[in-house]
Amino acid sequence: MKIQSGKNPVKRSAAVQTVPPSASFSKLKPVLFVLFMIIMVGGVCELQVYFKSKTSTTAAEISRTKMEIKRTERELVNLRNLIAERTSWSYVRSQIIRYGIKLHRPEPGQTHRVERLSDSAVKLAAANMRAKALERAVALAASAPAPAAETVKAVKPVQTVRTVQVVKRVKPAPVVKRRSVTSARRRVVSGRRDLQRYEFR
Amino acid sequence: MSSLTSSSVQTRIKFLIFLFGTPLIILLAIRYFYIQVVRHDYYLAEAQGKYTSTGKISGRRGEIFDNSGNLLVGNMPCVTIRCAPCNIKKNSDRRKIIDLVIKHFGKTHAWCRRNFAPQVWRANRKTGKLELRDNQYCQIVRYATLEQVDAFKGDLLRTFQTEKERREKRTTAKGMPRNVFQYDAVTKQIYPKGRLLSNILGYSNMADRDEIAPQEGIVREMNDEMAPVTGKEVYERDLAGRRLEYGHNEVVKQNRDGKNVYLTISEQIQSIVEDELDTVFAEWNPDTAYAIVADPKTGNILAIAQRPTFNPNDRKSYKPGAISTRIAMDVYEPGSIMKPFVVGKALDWKEITPETEFYCEKNNWFFGGHRLSDVRDYGTLTTTGVITKSSNIGTGKIAVQLGKERTYNVYKSFGFGTRTDLPLPSESLGVLRHYSKWPLVEITRVPIGYAMSATLLQVTRAYCALANNGNMPQLRLIDRIEDISTGEVTVMPYAPQKQMFERQEALDQLVDMMVTVTSPGGIATRAAVPGYKVAGKTGTSRKNYGRDKWNKEYFTSFAGFVPAKDPKFVMAIMVDTPRGSHPGGGTVAAPVFARSAERILKYLNVPADPELLPKKKRR
């Protein structure tokens, strides 16, 4: 351990100054800081704009849906009014007249009270009805006359008819040649004076 | 030295900054405090005024239903279409729009030329001179239905769309003129049942925009309950005026929907009664005809109709004699319909019995200096016979036996001369003079329905007492009121019933007498309903147009209830001046009762008595 002072002092030369490696970074620090702040603020603003636009789009959707609901409600009210109109007696009567539906006036005896039978009474009534039906069938069978003897007629064998499709041969239609129309000239075609064609050349 | 300078300069700079900067900062802080704190409310209001709007929240008008909830008066959503013709730049566009307006809304060419002109002559308010100005407003149609508006908008789009836009099924058209049409949602009062119950329901006129001004009937009497309360709200909006859903919204005044009114009327019974009134109107060509059907146990009016009538949906049918509630306003001399009351009370007080005999003077009885006659020459009739044959002389003698005061009290106690207090405008009192003002002859005239007048409502109420074991109910037309917003239903109270008879036996005897009127041998056999016992009385009173000027015009009426024991309804009919041969209560009004009662009994599912059915129809 060297205790002596003054020996081997550190010599500093003014001419050469070595820059420590962290000095440039420290100069960039404020710039970086400002950049970082700008990015942060920009990011926050961007987020805010994004959410605001989302909100306004949603608000527009909400108001459109509300209008649609209101419109549907109005249509429902309209339909209800239509039902009330269609169930009115004046309309029903007009339809009865229009379609000629035959109705009759109410008859006093059309409704009457029916006694309700007990289970045993129902069974008894059903048995009585069956017995009566059987008696009627027997009586009918006994009173019906004997059927006459049937004569068997000779039946001719069925002839199968074969249909043949006849195709009539039709002469093909004559091809009418179109002549050019460039000059006017009367021309009689092969001795037939009734047929005259005018040619334009 | 240089280091000292730099430090002194720095010190000076700092000092100057401190000297000028500090007051500036203080001033700014004070200003900031002043704006943000002291004047906060003012600037907030100013700012809010820029981005908030005040809007009305309209309520829905109440509707009227019958007892079962069938709609009688409703609200119909409509659209008012307005137009700014000055915004249509091209004449070809104007012609296309005019063609569509004529096609969809039935306007004429002349109307369209006048109202769709781009400029119009208007007087200057200050100078009074005519100036040519842009035509900024034209109302095309006030109450267009939703279907009409959809069809119009569809045609408008198709007219101005290009082929490409149609193929792409676009909902807009580039060629459509902008800011031309405005569609406002409005509501209109509608009567979906047409003429049914129109005189009682009444009608309304349209005041400014959506405001309804009821004129007659229940819509006027119940307007306080049915009218909505318009609210007010403040809301935030964007630059285009659109409401911001996420913004601050405040309801300054709460709106309220109108209340729904439910009547005691049954639509089906009302239709039956109106049908039969139409038949009698066509058959006898009277001036007016009225009919009322009521439930005697509760006093509920099941049907109330009058002819002539009108259709509230069609303004052309509004004739002067047809739009008012005449059934409540008109009074008439009821005639023989009044006889059962004095006979019933005489039985009740044991003055007479059903077998008491009265000599009917062979159709020629002078009392109080005036002659009283019957339809035929009756000799001696029992009390039952007096009712069965409707003898005026017999009834007069019974009234004379009771005396003026008691005769007057009979009719007063049965409600004649007092209103029924139904919610109908201008209900008449009728006329029943105090017995102290009666000349001697009047005691024989009031019991037979002359020298007094009543409305058909009063007659119905009195007959409800006869049908309800002597208990006279208060007539009811409004059954309940419903508040849609709260769901609260208020049932109109039943008034206490007044007992008219001291002895049930007397009432039973009276009802039996009234049954004989419609039985074979009675004067109203046409009121009989096969399978049921009908208790009723006819009335035929001659019109008097002045002293001793008797016309050949009649009020014909019939009132009765069926079945006689445990009646389901009371019906009263009055036909004013029927024109035909032998008009009378038994020939004009009684058949209306029979036809209506038959149908109503079937609707109410009241079984017929098999013993009373004609033999052919028994099952």
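As a convention, each chain's residues are numbered from 1 in the sequence order in which they are written. Here the convention is simple: chains get letters from A, ligands get numbers from 1, in the order in which they are written. Reporting in this predicted model follows two pLDDT cut-offs: at least 70 for local features of residues, and 80 or more for side-chain atom pairs to be given and counted; totals over whole chains, interfaces and linings ignore these cut-offs and use all residues. Working from all heavy atoms in the structure, the side-chain values ignore hydrogens and water.

*Asks:* Looking at this structure, I do not really get the packing of helix 3 (residues 91–105) of chain B against helix 5 (residues 146–160) of chain B. What am I missing?
*Replies:* Residue and element names in this part refer to chain B. Lines fitted to the C-alpha atoms define the axes, with helices restricted to the stretch that makes contact. Angles between their N-to-C directions range from 0 to 180 degrees. The helix and strand labels rest on DSSP assignments: H or I over at least four residues marks a helix, E over at least two residues marks a strand, and numbering proceeds from the N terminus. It is the contact of helix 3 with helix 5, at a shortest axis distance of 10 Å, that shows an interaxial angle of 155 degrees. It follows that helix 3 is roughly antiparallel to helix 5 by the angle criterion. Considering only the axes of helix 3 and helix 5, their crossing is right-handed. Packed against helix 3, whose contacting residues are Asp93, Lys96, Ile97, Leu100, Val101, Lys103, His104 and Phe105, the element helix 5 presents Gln148, Ala151, Phe152, Asp155, Leu156, Thr159 and Phe160 at the interface. Residue type decides the class: Asp, Glu, Lys and Arg count as charged, Ala, Val, Leu, Ile, Met, Phe, Trp, Tyr, Cys and Pro as nonpolar, and the leftover types, Gly among them, as polar. Classifying every residue of the contact of helix 3 with helix 5 by side-chain character gives 8 nonpolar, 3 polar and 4 charged. Every angle not falling under 35 degrees, over 145, or within 65 to 115 is termed oblique; those three ranges are roughly parallel, roughly antiparallel and roughly perpendicular. Definitions for this section: a left-handed crossing has its near helix turned counterclockwise from the far helix by less than a right angle. A right-handed crossing has that turn clockwise. Any two residues having at least one pair of non-hydrogen atoms within 4.5 Å are treated as being in contact.

*Asks:* Would you explain the interface of chain A and chain B in this entry?
*Replies:* If you look at the interface, chain A gives 28 residues, while chain B gives 34 residues. Buried surface at the junction of chain A and chain B, summed over both partners, amounts to about 2700 Å²; 53% is from carbon and sulfur atoms. Counted as salt bridges are all cases of a side-chain nitrogen of Lys or Arg within 4 Å of a carboxyl oxygen of Asp or Glu. On the surface where chain A and chain B come into contact, there are 3 salt bridges. Of the charged contacts in the structure, one is a salt bridge between A:Arg80 and B:Glu63, with a shortest N-O distance of 2.6 Å. Any pair of nitrogen or oxygen atoms within 3.5 Å is treated as a polar contact; in protein, a donor-acceptor pairing is required on top of that, and neighbouring residues in sequence qualify only through side-chain atoms on both sides. Between chain A and chain B we count 9 residue pairs in polar contact (both at pLDDT 80 or more) in total. Broken down by element, the residue count for the side of chain A that touches chain B peaks at 15 residues, all from helix 1 (residues 23–86) of chain A. In terms of residue class, the side of chain A that touches chain B is made up of 7 nonpolar, 11 polar and 10 charged. Joining two parts hides part of their accessible area as seen by a 1.4 Å probe, and the buried area is that hidden amount summed over both.

*Asks:* Where do I start with the sheet that holds strand 10 (residues 231–236) of chain B in this structure?
*Replies:* The strands that make up a sheet are held in pairs by hydrogen bonds between backbone atoms, and each pair lies either parallel or antiparallel. Residue and element names in this part refer to chain B. Note: two strands are recorded as paired if DSSP finds a minimum of 2 bridges between them. Read from one edge to the other, the open sheet built from 3 strands follows the order 1-10-11, with strand pairing classed as antiparallel. Edge positions in the open sheet fall to strand 1 (52–57) and strand 11 (249–253), since each of these has one partner strand only. With strand direction ignored, the average angle separating the axes of adjacent strands in the sheet is 25 degrees. Sheet analysis places strand 10 next to strand 11, joined by 4 bridges and oriented antiparallel. Bridge pairing links Val234 to Glu250 in strand 11. Taken strand by strand, helix 2 (residues 40–51) contacts strand 1 and strand 10, and its axis lies near 60 degrees from that of strand 1.

*Asks:* I keep staring at the pairing of strand 12 (residues 260–263) of chain B and nothing clicks. Help me out?
*Replies:* Each regular strand carries side chains that alternate between the two faces of the sheet. Residue and element names in this part refer to chain B. Only protein chains enter the calculation, and the probe is 1.4 Å; a residue is then buried if its accessible area is under 20% of its type maximum, exposed if over 50%, and partly exposed in between. Judged by which residues are buried, strand 12 turns out to be covered on both faces: Asn260 and Tyr262 on one side and Val261 and Leu263 on the other are all buried. In this sheet, strand 12 lies alongside strand 2 (residues 64–65) in parallel orientation, the contact comprising 2 bridges. Paired with Phe65 across the bridge in strand 12 is Tyr262. Relative to strand 20 (residues 478–482), strand 12 is paired through 4 bridges, and the arrangement is antiparallel. Bridge pairing in strand 20 places Val261 opposite Ile481.

*Asks:* Honestly, the packing of helix 10 (residues 267–284) of chain B against helix 19 (residues 585–603) of chain B in this entry has me stumped. Any pointers?
*Replies:* Residues and elements named next belong to chain B. Across the interface, helix 10 lies against helix 19 with an axial gap of 10 Å and an inter-helix angle of 155 degrees. What the angle tells us is that helix 10 and helix 19 run roughly antiparallel. For the pair helix 10 and helix 19, the crossing hand works out as right-handed. Every residue of helix 19 that contacts helix 10 at Gln268, Ile269, Ile272, Val273, Asp275, Glu276, Thr279, Val280 and Trp284 is listed here: Thr587, Val588, Val592, Arg595, Ser596, Arg599, Ile600 and Tyr603. When grouped by side-chain class, the residues that make up the contact of helix 10 with helix 19 number 9 nonpolar, 4 polar and 4 charged.

*Asks:* Quick question: what am I supposed to make of the nonpolar core here?
*Replies:* Side chains of a nonpolar character, in soluble globular proteins, are inclined to be buried together. All names here are of chain B. Formed by 129 residues in total, the largest nonpolar core has its most connected members in Leu263, Phe341, Phe414, Phe416, Tyr463 and Leu466. Of all the elements, helix 17 (residues 456–467) adds the most residues to this core, at 9 residues. Residue contacts for Phe416: discarding those within four places in its chain leaves Met338, Phe341, Tyr411, Leu432, Met452, Ala454, Gln458, Val459 and Ala462. Definition used in this section: a nonpolar core is a set of buried Ala, Val, Leu, Ile, Met, Phe, Trp, Tyr and Cys residues joined via side-chain atoms within 4.5 Å. Core analysis: the second largest hydrophobic core is formed by 26 residues, Trp111, Ile140, Val141 and Phe181 among them.

*Asks:* How should I be thinking about the packing of aromatic side chains in this particular structure?
*Replies:* Two measures describe an aromatic ring pair: the distance that separates the ring centres and the angle between the ring planes. Residues and elements named next belong to chain B. The aromatic pairing rule takes the rings of Phe, Tyr and Trp, using the six-membered ring of Trp, and pairs them if the centres are within 6.5 Å, calling planes under 30 degrees apart stacked, those over 60 edge-to-face and the rest tilted. In this structure the tally under the stated criterion is 21 aromatic pairs over all chains. With a centroid separation of 6.4 Å and 70 degrees between ring planes, the pair formed by Trp111 and Phe116 is classed as edge-to-face. Take Trp111 and Phe116: they sit in the same class, and that class is buried. In this structure, Lys107 packs its charged tip against the face of Trp111, placed 4.7 Å from the ring centre. Any Lys NZ or Arg CZ that is within 6 Å of a ring centre and within 35 degrees of that ring's normal is treated as a charge sitting over the ring. Above the face of the Tyr262 ring, Arg480 is positioned so that its terminal group lies 4.3 Å from the ring centre.

*Asks:* How should I be thinking about the pattern of salt bridges in this particular structure?
*Replies:* When the charged atoms of two side chains lie near each other, side chains of opposite charge can form a pair. Per the stated rule, a full pass over the model turns up 33 salt bridges over all chains. With a shortest N-O distance of 2.7 Å, A:Arg64 and A:Glu61 are connected by a salt bridge. Note that A:Arg64 and A:Glu61 are positioned in helix 1 at a spacing of 3 residues, about one turn of the helix. One network of salt bridges, with partners in common, ties together A:Arg93, B:Asp275, B:Glu276, B:Arg595 and B:Arg599.

*Asks:* What am I meant to see in helix 15 (residues 404–413) of chain B here?
*Replies:* An α-helical segment advances 3.6 residues per turn. Residues three or four places apart therefore align on the same side. All names here are of chain B. Regarding helix 15, the residues found buried are Thr407, Tyr408, Val410 and Tyr411. Buried residues along helix 15 cover an arc of 150 degrees about the axis, so they all sit on one side. On its buried face, helix 15 sits against helix 12 (339–348), helix 14 (392–402) and helix 16 (442–445). Where helix 15 ends, the next residue or the one after it, Gly415, has phi of about 95 degrees, a positive value. Read the arc as the range of directions from the helix axis to the C-beta atoms.

*Asks:* Which parts of the structure should I look at to understand the side chain of B:Ser428?
*Replies:* Of note, B:Ser428 is situated in the loop between helix 15 and helix 16. The contact partners of B:Ser428, leaving out residues within four places of it in the chain, are B:Ala328, B:Met329, B:Asp330, B:Val331, B:Arg419, B:Thr455 and B:Gln458.

*Asks:* Explanation requested: the side chain of B:Thr264 in the structure shown.
*Replies:* All names here are of chain B. Note on placement: Thr264 falls in the loop between strand 12 and helix 10. Of note is the side chain of Thr264, whose polar atom sits 3.1 Å from the backbone oxygen of Arg476. Other than its neighbours up to four places away in sequence, Thr264 contacts Asn67, Asn300, Ile301, Leu302, Arg476, Leu477, Ile478 and Asp479.

*Asks:* Looking at this model, I keep getting lost on the pairing of strand 3 (residues 71–83) of chain B. Mind explaining?
*Replies:* Residues and elements named next belong to chain B. The element strand 3 is extensively covered by neighbouring structure, given that 13 of its 13 residues are classed as buried. Linking strand 2 back to strand 3 in an antiparallel pair, the connection comprises 5 residues, with Gly69 at a positive phi of about 95 degrees. Where strand 3 and strand 7 (residues 181–190) come together, 10 bridges link them in antiparallel fashion. Paired with Cys83 across the strands is Phe181, a residue of strand 7. Examined bridge by bridge, strand 3 and strand 6 (residues 138–144) share 4 bridges and lie antiparallel to one another. Bridged to Ile81 within strand 6 is Val141.

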